[in-house]
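The chain contents come next:
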Amino acid sequence: MTTDPAGEIAQLEAEATAALEGAADLAALDECERVAFRSKKSRFAEMYQKLGSTAPEERRVLGRLLNELRGRLEALADGRRAELAAAARIERLAADRLDLTEVLPRRLAGHLHLVTQAREALEDVFVGMGYEIAEGPEVETGWRNFEALNIPEDHPARSPLDTFYVDFGEPWSVLLRPHTSPVQIRLLQRGVLPIYAVAPGRTYRKDTPDSTHLPVFHQIEGLVVDRGVTFADLKGTIDTFVRAVFGEGTRTRLRPAYFPFTEPSAEFEMSCVICGGDGCRTCSGVGWIELGGCGMVHPAVFEATGVDPEEWTGFAFGFGIDRIAFMRHGIADLRVMIENDVRFLGQF
Ligand code: DAH
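Conventions and cut-offs
- Residues numbered from 1 in each chain as written.
- Predicted model: local features only at pLDDT ≥ 70, side-chain atom pairs only at ≥ 80, totals over all residues.
- Heavy atoms only, no water.
- Helix = DSSP H or I, 4+ residues; strand = E, 2+ residues; numbered from the N terminus.
- Expected span 1.5 Å × (residues − 1).
- Buried < 20%, exposed > 50% of the residue type's maximum accessible area, 1.4 Å probe, protein only.
- Arc of directions from axis to C-beta.
- Contact = heavy atoms within 4.5 Å.
- Core = buried A, V, L, I, M, F, W, Y, C linked by side-chain atoms within 4.5 Å.
- Salt bridge = Lys/Arg side-chain N within 4 Å of Asp/Glu carboxyl O.

**Q** Could you give me a rundown of helix 1 (residues 5-22), with the residues and numbers involved?
**A** Across its 18 residues, helix 1 extends 26 Å between first and last C-alpha, which sits within 8% of the 26 Å expected from 1.5 Å per residue. Among all positions in helix 1, only Pro5, Glu8, Ile9, Leu12, Ala16 and Leu20 are buried. Viewed end-on, helix 1 has its buried residues packed into an arc of 95°, placing them on one side of the element. Packed against the buried residues of helix 1 are helix 2 (26-38), helix 3 (43-51) and helix 4 (56-96).

Written as structure tokens, this is what we have:
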């Protein structure tokens with residue numbers, strides 16, 4: 001032993017303590033223990049050996065000091081081992097972690113509803129063509145909804161089986177509008193001509209929800225009134241907006257139809273967005289998808305609203321927005337529109 005064996009023991013304690021406390025992982029800790037006191041060549045073993053050559057009295061004192069130190073170092077090493085094992089376990093769990101949730105946090109931010117997105121896309125196209133966006137109330141008078149639109153008294157749409165009437169004013173005089181066409185009447189009544197306007201909005205009919213019908217749905221109405229407006233302008237307008245919304249390759253066609261408020265009237269169709277016109281399930285094999293109705297504003301509508309049909313001509317059109325929203329995304333059943341299931345809505 002050196003001249004100061006107690007000092008040497010204190011130094012061993014200081015060094016071994018620092019080494020054990022600083023061990024960064026379990027392997028490093030094992031190595032520190034080995035070097036300090038576990039192996040035959042450890043500094044501890046060295047000191048024990050040296051004890052053999054000291055006086056019996058001193059040997060007893062130093063032996064006790066060494067044994068106590070060994071106890072302290074072992075306890076320290078055990079504590080450090082537990083700490084490192086816990087840290088290693090946490091690290092392993094973090095590395096093994098699997099995120100089984102489908103919804104990423106950024107999805108929780110929310111966004112506009114599918115129908116709103118489609119409505120805004122349509123509005124953009126018409127605003128780009130110089131149209132104004134008009135609005136009318138969802139609760140409307142029977143006069144604007146039927147009479148002024150030249151819809152006869154005995155028309156099935158006027159039946160309370162089809163239309164929701166509101167208990168207000170004269171019986172059967174106020175209703176939840178079953179189409180956006182009464183906004184045409186509001187625009188004409190305003191008396192500001194010419195008119196280039198579209199009116200999107202909510203509409204109501206007594207339909208049981210199924211894959212193609214909802215009791216609350218959305219339409220967009222178009223009305224153009226100017227001098228010398230022709231049927232060709234109507235066809236060109238429909239062609240332009242359909243290509244703007246569904247792509248340049250989309251074609252449109254008109255088929256003769258009847259609506260009381262237009263003459264002549266037509267139904268307009270577009271080539272199927274899914275099959276391009278070859279025929280598939282979406283278009284029931286015919287290659288065409290019906291969008292809505294259109295025609296030249298009937299003189300009776302001009303008369304009801306005080307517009308001179310000798311001076312002004314116009315065209316109108318109307319179609320459902322919900323189906324457009326669906327076709328843009330290839331969805332088959334309208335009912336998911338109103339279920340408000342975030343797993344569905346979050347995808348768009
Ligand atoms: N209002 C009709 C409907 O709900 C659609 C319609 C047809 C609107 C012809 C029009 C039109 O403006 O000219 O079925």
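**Q** Which residues make up the nonpolar core, and what are the values?
**A** Counting residues in each nonpolar core, the largest one holds 41 residues, and the members touching the most others are Phe241, Phe268, Phe315, Phe317, Phe319 and Met337. Mapped onto this core, the elements with two or more residues apiece are helix 5 (114-128), strand 5 (216-226), helix 8 (231-246), strand 7 (262-271), strand 8 (288-297), strand 9 (313-320), helix 10 (322-329) and helix 12 (342-345). Core analysis: the second largest hydrophobic core is formed by 22 residues, Val183, Leu187, Leu223 and Val307 among them.

**Q** How would you summarise the pattern of salt bridges if you had to cite specific residues and measurements?
**A** According to the stated counting rule, one finds 26 salt bridges in the structure shown. A salt bridge links Glu147 to Arg158, with the nearest nitrogen and oxygen atoms 3.2 Å apart. With Glu147 in the loop between helix 6 (142-145) and strand 3 (174-176) and Arg158 in the loop between helix 6 and strand 3, this pair connects stretches of sequence that are 11 residues apart. Shared partners join several salt bridges into a network, and the residues in it are Asp30, Glu33, Arg38, Arg70, Glu74, Asp78 and Arg81.

**Q** Tell me about the environment of Val229, and name the residues and values.
**A** Relative to the helices and strands, Val229 resides in the loop between strand 5 and helix 8. Residue class for Val229 comes out buried when judged on its relative accessible area of 9%. Distance in space between the C-alpha atoms of Val229 and Asn67 is 110 Å, their sequence separation being 162 residues. Contacts of Val229, omitting those with residues within four sequence positions, involve Val224, Met296, Thr313, Gly314 and Phe315.

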